[in-house]
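A closer look at the structure
Here's the letter readout for the chains.
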Amino acid sequence: MGDLITAFQTANPSYTVTLVQCGATGTLASQITGGNSLGVDLFLAANSATPASLASGYGVGSPFTYAVGTLAFWSKSVNVSAGYSSSTYPKVAVANTTTAPYGTAASQLLTGRYGLTAPLSSNSLVNIYSNIDLTFQAVNSGSEAVGFVALSQICHLGAYPPAGTSALAYPPTDTSVSPVIYNYDPINQAGLRIVHSRTSAQNTELDAFVAYLTDHTLSPRSQMMKTLNDYCYGAP
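Residues numbered from 1 in each chain as written. Predicted model: local features only at pLDDT ≥ 70, side-chain atom pairs only at ≥ 80, totals over all residues. Heavy atoms only, no water.

Across its full length, the protein carries 7 helices and 10 strands. Computed over its C-alpha atoms, the radius of gyration of the protein comes to 18 Å, within 12% of the 18 Å expected for a compact globule of 236 residues. Dimensions of the protein, computed from the C-alpha atoms along their principal axes, are close to 60 × 40 × 35 Å. A buried classification covers 42% of the 236 residues belonging to the protein. Considering only contacts in the protein between residues 6 or more positions apart, those separated by 24 or more positions represent 68%. Carbon and sulfur atoms form 53% of the exposed surface of the protein, whose accessible area is close to 11100 Å². (Helix = DSSP H or I, 4+ residues; strand = E, 2+ residues; numbered from the N terminus. Rg over C-alpha atoms; globule rule 2.2 N^0.38 Å. Buried < 20%, exposed > 50% of the residue type's maximum accessible area, 1.4 Å probe, protein only. Contact = heavy atoms within 4.5 Å. Areas by Shrake-Rupley, 256 points an atom, 1.4 Å probe, with all protein chains shown as cover.)

Given below as structure tokens:
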């Protein structure tokens, strides 16, 4: 998002975008429904369900999808290219399975494909962090040997994982095996304009940024598509 904001402001020097808060999608939604004390104009989620639930009462217009995320199994200390196994890894880090969409996806994968007992919050094989950034930090710092992170967190210029680390990307549906295995619901990341007092000029600025985020033109490739590719995101 930082790259996108910088690119947008470079292309539109009279506009300013301020990133006011990061965190789990459910936590950010609660800030908005709890009074929007931060004065948020735009909500960018890691799923589509949460913006849809806010559209009536808190939103302006309809939600829009800006990116499609992928779950990845990652480690800085062991080879995880063969994928997750409960017999191999005594602990695995995941994001909050209720408020963080990547945590929800990890829960679907672990309980559905690998047979872990739900809820994961009570499972001795799982350590849960409040959001995907803290999950990444836990593995990155070495406090967790393995974890499920967003592929975008370990992708640079379209390549992953970072040197000296190991990872396996898990698509929503694994078509590399027969029969095909369902891993988790697609991580369609959506946004929503939020009800907030704005001037006509500010609405124009907001609309321009949303247009920027939803420009998935392939030829010539838009800045949004370049950034999505750089971070291994899919386009809607």
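Next up on the list: the pattern of salt bridges. For the structure shown, the criterion picks out 4 salt bridges. A salt bridge links Asp41 to Arg198; the shortest N-O distance between them is 2.8 Å. Remark: Arg198 occurs in the loop between strand S10 (187-194) and helix H6 (200-213) and Asp41 occurs in the loop between helix H2 (25-33) and strand S1 (42-44); sequence separation between them is 157 residues. With relative accessibility at 26%, the residue Asp41 sits in the partly exposed group. One salt bridge connects Lys226 with Asp230, and the closest N-O pair in it is separated by 3.1 Å. Taken as a pair, Lys226 and Asp230 lie in helix H7 (residues 223-230) at a separation of 4 residues, close to a single helical turn. Note on Lys226: relative accessible area 35%, which makes it partly exposed. Residue classification places Asp230 among the buried positions, given a relative accessible area of 17%. (Salt bridge = Lys/Arg side-chain N within 4 Å of Asp/Glu carboxyl O.)

Between the first and last C-alpha of helix H4 (residues 101-113) there are 18 Å, a value that for 13 residues agrees with the 18 Å anticipated at 1.5 Å per step. Those residues of H4 lying buried are Pro101, Tyr102, Gly103, Ala105, Ala106, Ser107, Leu109 and Leu110. Remark: Gly115 follows H4 within two positions and exhibits a positive phi of approximately 70 degrees. (Expected span 1.5 Å × (residues − 1).)

What follows deals with the nonpolar core. Core analysis: the biggest nonpolar cluster contains 26 residues, and Leu71, Phe73, Tyr84, Val92, Leu110 and Phe148 have the highest contact counts within it. Taken together, the elements giving at least two residues each to this core come down to strand S3 (71-75), strand S4 (92-95), H4 and strand S6 (146-150). The greatest single-element share of this core, amounting to 5 residues, is contributed by H4. Residues contacting Tyr84, with those up to four places away along its chain left out, are Phe73, Tyr89, Val92, Leu110, Tyr114, Leu116, Leu125, Phe148 and Tyr170. Of all hydrophobic cores here, the second largest spans 17 residues; its members include Val17, Ala67, Phe209 and Leu228. (Core = buried A, V, L, I, M, F, W, Y, C linked by side-chain atoms within 4.5 Å.)

Scanning all chains against the criterion turns up 12 aromatic pairs. Ring geometry for Tyr114 and Tyr170: centres 6.3 Å apart, planes at 90 degrees, overall edge-to-face. One end of the pair, Tyr114, is in the loop between H4 and strand S5 (126-129); the other, Tyr170, is in strand S7 (residues 166-170), with 56 residues separating them in the sequence. Put simply, the rings of Phe73, Tyr84, Tyr89, Tyr114, Phe148 and Tyr170 touch in pairs and so form one group of aromatic residues. (Phe/Tyr/Trp six-rings, centres within 6.5 Å; stacked < 30°, edge-to-face > 60°.)

Outside of glycine, negative phi angles account for most residues, and trans bonds account for most peptide bonds. The omega torsion across Ala118 and Pro119 is -5 degrees, close enough to zero to call that bond cis. Relative to the helices and strands, Pro119 is located in the loop between H4 and S5. Each neighbour pair has its own omega, and for Ser219 with Pro220 the value is -5 degrees, a cis peptide bond. Mapped onto the elements of the fold, Pro220 is located in the loop between H6 and H7. For Cys232, which is not glycine, the phi torsion reads 60 degrees and is therefore positive. According to the relative accessible area criterion, Cys232 is buried, its value standing at 16%.

Another point: the packing of helix H1 (residues 2-11) against H7. Viewed as axis vectors pointing N to C, H1 and H7 meet at an angle of 155 degrees, and their least axial separation amounts to 10 Å. It follows from the interaxial angle that H1 and H7 lie roughly antiparallel. Seen from above, H1 lies across H7 with right-handed handedness. Between H1, through Asp3, Leu4 and Ala7, and H7, the contact on the second element is made entirely by Gln223, Met224 and Thr227. Classifying every residue of the contact of H1 with H7 gives 3 nonpolar, 2 polar and 1 charged. (Axes fitted to C-alpha atoms, helices over the stretch in contact; angles between N-to-C directions. Parallel < 35°, antiparallel > 145°, perpendicular 65-115°, else oblique. Left-handed = near helix turned anticlockwise from the far one by under 90°. Nonpolar A, V, L, I, M, F, W, Y, C, P; charged D, E, K, R; others polar.)

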